[in-house]
Amino acid sequence: MVILAEAGASPAQLARDLGAEGARLAEQGVRGLGLPPTFEESFYRHGNLPEQLRRLFAPLRPARIDEDALEGLAAQAQVLIRTTYLMDDAVQQFYRALARADLGPALVVRRPGEQVAETAQVQPPGTAALHAVKRLWAQDWGFEAVLARLDDTGSVALEARPTLLLSGELA
């Protein structure tokens, strides 16, 4: 597995960056690409997404959630994630890592330990794969996901998590 991280990462760093499943897959030599949480954090930070999302969800009151309003806001948030650009350096880093991972012709994009996934066909430079990653990230802003965060924590905020791109197709 190719990891989009500093070269020579220790097993402890892999476990921290990719979670236990991602580290295990890397150790087993599974064909794939692991994106650490820092890659997603960079996307949010450089796109000013935390502020945009904060403003978008500001009308919500966690103590009394208007589910009709939340449904529309969640849809807007998903569009925001899918349409925000990654910085050119991050895109080029992603394309190079994807080429090194040698996945193809199809790949599955998912979070470690989760069943929800996106698929893409791998064709250089890897735009379809990058779009699949952003579609997966956008799922974090779907109605059910945001409602669960509001119920659990009283906030729409979430932590960046690892993302795995694995060779193959969904069954």
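For the structure given in this document, a descriptive report is provided here.

Cut-offs and rules
Sequence positions are assigned chain by chain, starting from 1 and proceeding in written order. pLDDT decides what is reported in this predicted model: residues at 70 or higher carry local features, side-chain atom pairs at 80 or more are listed and counted, and totals for whole chains, interfaces and linings draw on all residues regardless. Hydrogens and water are ignored here; the side-chain numbers use all heavy atoms of the structure. Note on aromatic pairs: the rings of Phe, Tyr and Trp (six-membered ring only in Trp) are paired at centre separations within 6.5 Å, and the planes decide the class, stacked below 30 degrees, edge-to-face beyond 60, tilted for the rest. Whether a residue is buried, partly exposed or exposed follows from its accessible area with a 1.4 Å probe, protein chains only, as a fraction of its type maximum: under 20%, in between, or over 50%, in that order. Secondary structure elements are taken from DSSP: a helix is a run of H or I of four residues or more, a strand is a run of E of two residues or more, and numbering for both begins at the N terminus. Think of it as a cone above the ring: NZ of Lys or CZ of Arg counts as a charge over the ring if it is within 6 Å of the ring centre and within 35 degrees of the ring normal. Contacts are residue-level and defined by heavy atoms, with any inter-residue pair within 4.5 Å sufficient.

**Brief notes about the packing of aromatic side chains**
Stage number 1. One pass over the structure, following the stated rule, counts six aromatic pairs.
Stage number 2. Here the aromatic rings of phenylalanine 43 and tyrosine 44 are separated by 5.6 Å at their centres, their planes lie at 85°, and the arrangement is edge-to-face.
Stage number 3. Note on tyrosine 44: relative accessible area 10%, which makes it buried.
Stage number 4. On the basis of an interplanar angle of 40° and a centroid distance of 5.2 Å, the ring pair of phenylalanine 43 and tryptophan 137 is categorised as tilted. Here phenylalanine 43, found in helix α2 (residues 37-46), pairs with tryptophan 137, found in helix α6 (residues 127-139); they are 94 residues apart in sequence, far enough to count as distant.
Stage number 5. Assessed through its relative accessible area of 0%, tryptophan 137 is described here as buried.
Stage number 6. Through pairs of rings, three or more aromatic residues link up here, namely Phe39, Phe43, Tyr44, Phe94, Tyr95 and Trp137.
Stage number 7. Taking the ring centre of tryptophan 141 as reference, the NZ or CZ of arginine 149 above it sits at 4.6 Å.

**A word on the environment of valine 146**
Stage number 1. Structurally, the position occupied by valine 146 is in helix α7 (residues 143-153).
Stage number 2. As a C-alpha pair, valine 146 and leucine 165 span 19 residues in sequence and 24 Å in three-dimensional space.
Stage number 3. Among residues more than four places away in sequence, those in contact with valine 146 are Phe57, Leu70, Asp140, Trp141 and Val156.

Fair warning: the whole summary comes from geometry, so function is off the table for now.
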